[in-house]
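Inside the fold
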Amino acid sequence: MEKNNSKITVTSPLLPNLEEFSEMLRDIWSRKWITNNGEYHKRLEAALCEYLKVPYVSLFTNGTMPLITALQALNISGEVITTPYSFVATTHSLWWNGIKPVFVDVEPDTGNIDPAKIESAITKRTTAIMPVHMYGTPCKTKEIQKIADKYGLKVIYDAAHAFGVEVNGESVLNAGDLSTMSFHATKVYNTVEGGAMIMHDVETKRRIDYLKNFGFKNEVEVVAPGINSKMDEIRAAYGLLTLRRVDDAIEKRKAVANKYREHLRGVKGITCWSDVPGVRHNYSYFPILVDEEQYGMSRDALYEYMKSRNVMSRRYFYPLISSFAIYSGLESSDPRNLPVATEIANKVICLPMHHGLSDEDVARVLDCIVR
Ligand SMILES: *Cc1c(COP(=O)(O)O)cnc(C)c1O
């Protein structure tokens, strides 16, 4: 039998049914209303409120603009405490607002910001905390809120990975003052490019809706120096259709995660993180940590080996944000301040994880690692 050597990608976009999408496009064509809070935009906001179990959603053109806009909306300035272990957009959103990032180390078993290390990083200039639910694993939101309340700080969660994640039946997106999401093609749920902000009250929703549309309140009133980061009708329609498929996609991801865990559990030098009791995970990523000494091969060697077998993994999130030249000069970027994040970044590989992986694909991935 010929060996299957086709490329296994680390992710694969969840696509809508093409016929249903064409039907919606035809409807949009007949309406001749293609952006600016149209029918599909409204329908997707309502559908997401229901699916995500949150009171208010404001759609955005991507997942970076809601981060930038959230900081604007809450008038955040000075210093913000955040994690170095994330996608660069988290810290970039601070830079775009002229805010100094202060990096705090992460927990060894989740990669999330370590609440125990936040307090000592607070100064007179600190105004907010910006944690990330890394890989969709919920942050210790209660502990973080306690610190925020004690010092009068705002909390903005970068929830780009946390689509549909719940703790004891409640959405993790309801934590903090605001949460932001990314609906980029590579995420669990996508609208090609897209994103959203989650808020608790209608006044904030109104303000955010103004801010993402140049600050227009009506035809003649501009109430804030807003930006343009609206989602259009085409992608809102696409998003209504991918939403119908996302539960099934998460189930398929879960099955892949279980298979990975089952076979990697006994492999010396490979660590997989476990599901957290009471949490509805979304299996957005499957990180493993490679301990070179115990495994007998470095993380990078394994990564290259998998690539040579046409199995594409990604070293998310290496290098640490704090190590990029733009940020490495900050005091808090010193690796001695971030030992856990540094270690995880040096050991991590995210294995292929998406709804389209076959049993054979999973076996090929495992075959690269279990030798
Ligand atoms: C993907 C991602 C973003 C940015 O989202 P875009 O939609 O690509 O702009 C921000 N933060 C995290 C943690 C992400 O993974």
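See the structure above.
Here we summarise the structure given alongside this text. Remember, it's a predicted structure, so these values are computed and weren't measured experimentally. (Residues numbered from 1 in each chain as written. Predicted model: local features only at pLDDT ≥ 70, side-chain atom pairs only at ≥ 80, totals over all residues. Heavy atoms only, no water.)

1. Concerning helix H1 (residues 18–31)
- If you check H1, its first and last C-alpha atoms are 20 Å apart, about what 14 residues at 1.5 Å a residue would give, namely 20 Å.
- Restricting attention to buried positions, one finds in H1 the residues Phe-21, Met-24 and Ile-28. Seen end-on, H1 carries its buried residues on one side only, within an arc spanning 65°. Exposed and oriented more than 90 degrees from the buried face of H1 are Glu-19, Glu-23, Arg-26, Trp-29 and Ser-30.
- Tucked inside the fold, the buried residues of H1 contact helix H2 (39–52) and helix H7 (233–264).
- In this structure Asn-17 caps H1, since a side-chain oxygen of it lies 2.9 Å from the backbone nitrogen of Glu-19.
- Remark: Lys-32 follows H1 within two positions and exhibits a positive phi of approximately 55°. (Helix = DSSP H or I, 4+ residues; strand = E, 2+ residues; numbered from the N terminus. Expected span 1.5 Å × (residues − 1). Buried < 20%, exposed > 50% of the residue type's maximum accessible area, 1.4 Å probe, protein only. Arc of directions from axis to C-beta. Contact = heavy atoms within 4.5 Å. Polar contact = N/O pair within 3.5 Å; in protein donor to acceptor, adjacent residues only side chain to side chain.)

2. Re unusual backbone geometry
- Residue Tyr-316 is joined to Phe-317 through a cis peptide bond whose omega torsion reads 5°.
- With respect to the helices and strands, the residue Phe-317 is situated in the loop between helix H9 (299–308) and helix H10 (339–347).
- Cis peptide bonds are those with omega within 30 degrees of zero, and the linkage from Tyr-318 to Pro-319 qualifies with -5°.
- Inspection of the secondary structure assignment puts Pro-319 in the loop between H9 and H10.
- Phi is positive for Phe-214, close to 65°, though the residue is something other than glycine.
- Along the chain, Phe-214 falls in the loop between helix H6 (202–211) and H7.
- Accessibility expressed as a relative area gives 38% for Phe-214, which makes it partly exposed.
- Even without glycine at this site, Asn-310 takes up a positive phi of about 65°.

3. Quick notes on the state of the cysteines
- Taken as a whole and assessed by the stated rule, the structure comprises zero disulfides.
- With no disulfide of its own, Cys-272 lies closest to Cys-350 among cysteine sulfurs, the gap being 11 Å. (Disulfide = S-S within 2.5 Å.)

4. Let's talk about the pairing of strand E8 (residues 178–182)
- Within E8, five of the five residues are buried, leaving the element largely enclosed by the surrounding structure.
- Along E8, one buried face is formed by Leu-178, Thr-180 and Ser-182 and the opposite face, lined by Ser-179 and Met-181, is buried too.
- Here E8 pairs with strand E9 (residues 195–199) via four bridges, running antiparallel. By the bridge assignment for E9, Ser-179 is matched with Ile-198. (Pairing = 2+ DSSP bridges.)

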